[in-house]
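Results of the structural survey
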Amino acid sequence: MATALETPTSLQDPEEHSRPSVVAVEDLFKAFDGHVVLKGIGLTVRRGETLAVLGRSGTGKSVLLRLIVGLETPDSGSVCINANSIAALSLDGLNAVRMKMGFLFQHAALYDSLTVGENVAFPLEHHRRDLSKSERGERVNQLLAEVGMEGNLDKMPSDISGGMQKRVGLARALALEPEILLLDEPTAGLDPISSGEIDELVLKLQRERQMASIVVTHDLHSAKTIANRLAILDQGSVIVEGTFDDLQQSTIPFVQEFLSHS
Ligand SMILES: Nc1ncnc2c1ncn2[C@@H]1O[C@H](COP(=O)(O)OP(=O)(O)O)[C@@H](O)[C@H]1O
Ligand SMILES: [Mg+2]
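The structure reproduced in this document is the subject of the present report.

What counts and what doesn't
- Residues numbered from 1 in each chain as written.
- Chains lettered and ligands numbered in written order.
- Predicted model: local features only at pLDDT ≥ 70, side-chain atom pairs only at ≥ 80, totals over all residues.
- Pairing = 2+ DSSP bridges.
- Helix = DSSP H or I, 4+ residues; strand = E, 2+ residues; numbered from the N terminus.
- Axes fitted to C-alpha atoms, helices over the stretch in contact; angles between N-to-C directions.
- Contact = placed C-beta atoms within 7 Å.
- Near = placed C-beta within 6 Å.
- Nonpolar A, V, L, I, M, F, W, Y, C, P; charged D, E, K, R; others polar.
- Buried ≥ 20, exposed ≤ 12 C-beta atoms within 10 Å, placed from the backbone.
- Parallel < 35°, antiparallel > 145°, perpendicular 65-115°, else oblique.
- Left-handed = near helix turned anticlockwise from the far one by under 90°.

Below, the discussion takes up the sheet that holds strand S7 (residues 180-184). Reading across the sheet, the six strands line up as S6-S7-S8-S3-S9-S10 and stay open at both edges, with mixed pairing between neighbours. Every interior strand has two partners, whereas the edge strands, strand S6 (101-104) and strand S10 (237-242), have only one. Across the sheet, the mean angle from the axis of one strand to that of its neighbour is 15 degrees, orientation sign disregarded. Bridging between strand S3 (residues 50-54) and strand S8 (residues 212-217) involves five bridges; their strand directions are parallel. For Ala52, the partnering residue across the bridge sits in S8 and is Val215. Here helix H5 (residues 162-173) sits on the sheet in contact with S6 and S7, set at roughly 165 degrees to S6.

In structure tokens form, the structure reads like this:
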């Protein structure tokens, strides 16, 4: 099969569609000061799958991720993680769910005043006090090696390139072995070569760890490379969702325009 080589591994898994959703977003509405940003968003992501959420700036992609993490509450609709609505959870319950999520925010990928090693150690210091200091140190080294950043332990974020900062941010996002990975514009502001390297890294991590991943991006090339499915957001709604081939078949003018301008 000629196309199989380019297809992310989990698409080849015949059982994929029988797996339950890890993340299920249903009919999500969110407004700020009377301006409705999300108008009934519905999305699902299964284990081993990467969903790319695309759309122009200001369409609510980052808001969507913040709702999934529980940093914002929806006006209506629900976010379910492993079939449990996060709205029904106590603060402890929500914190337990958040521990299953690794996220890389659009801005402030790293704490500027901490070294690379301290950044990656941060979630372990807070949530894995059961590990000894040396075990945590070993874990930090493993994580940095996993993202190709071994040997950079004592550097400051300002001493490394944007692409390297994103790698370290990814290592930190993986520190607690997340079941769900949420990446907000992981290639924004990077040159094409660094973007390609981040895409390769995301693919590798997903092959090795089989998380349920959502990657928000306005980079169609990146989305096509890393995602099994793509969803395009416009004016608060998902206007199309499917494989890249499905999107190319779409007759919706905005989708055609989006694909031709990206
Ligand atoms: N906390 C907030 N308060 C008020 N408006 C907000 C807030 N967060 C986001 N918005 C607005 O919601 C819209 C979508 O923002 P955002 O999700 O950041 O867009 P995107 O990530 O797609 O570029 C923007 O108009 C933005 O100004
Ligand atoms: Mg954003």
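What follows concerns the site of ligand 1. As a matter of local geometry, ligand 1 sits amid Phe32, Val37, Gly55, Ser57, Gly58, Thr59, Gly60, Lys61, Ser62 and Val63. Of all the elements, helix H1 (residues 61-69) adds the most residues to the shell around ligand 1, at three residues. Class assignment for the residues of the shell around ligand 1 results in three nonpolar, six polar and one charged.

Unusually for a residue other than glycine, Glu185 sits at a positive phi of about 50 degrees. Among the structural elements, Glu185 can be located in the loop between S7 and helix H6 (192-209). Residue Glu185 is classed as buried on the basis of its C-beta count, with 23 C-beta atoms lying within 10 Å. Here the phi dihedral of Gln210 falls at roughly 50 degrees; this positive angle occurs in a residue that is not glycine. Residue position: Gln210 is located in the loop between H6 and S8.

Attention shifts here to the pairing of S6. Side chains Met101 and Phe103 project from S6 onto one buried face, and the interleaved Gly102 and Leu104 project onto a second face that is buried too. Bridge count for S6 against S7 is four bridges, and the pairing is parallel. Looking at the pairing, Leu104 lines up with Leu183 of S7.

The four strands lie next to each other as S2-S1-S4-S5, forming an open sheet whose pairing is antiparallel. The open sheet has two free edges, formed respectively by strand S2 (35-46) and strand S5 (84-85), since each of these has just one partner strand. Examined bridge by bridge, strand S4 (residues 76-81) and S5 share two bridges and lie antiparallel to one another. Note on S5: the bridge partner recorded for Cys80 is Ser85. Each of strand S1 (21-32), S2 and S4 is contacted by H1, which is oriented at about 120 degrees to S1, the strand it contacts most.

Helix H4 (residues 133-146) packs onto helix H3 (residues 116-127) with a crossing angle of 120 degrees between their chain directions and a minimal axis gap of 9 Å. Considering their axes alone, H3 and H4 lie oblique with respect to each other. In this structure, the crossing between H3 and H4 has a hand that is right-handed. Contacts between H3 and H4 pair Gly117, Val120, Ala121 and Leu124 from the former with Arg136, Arg139, Val140, Leu143 and Leu144 from the latter. Of the residues that constitute the contact of H3 with H4, the class distribution is six nonpolar, one polar and two charged.

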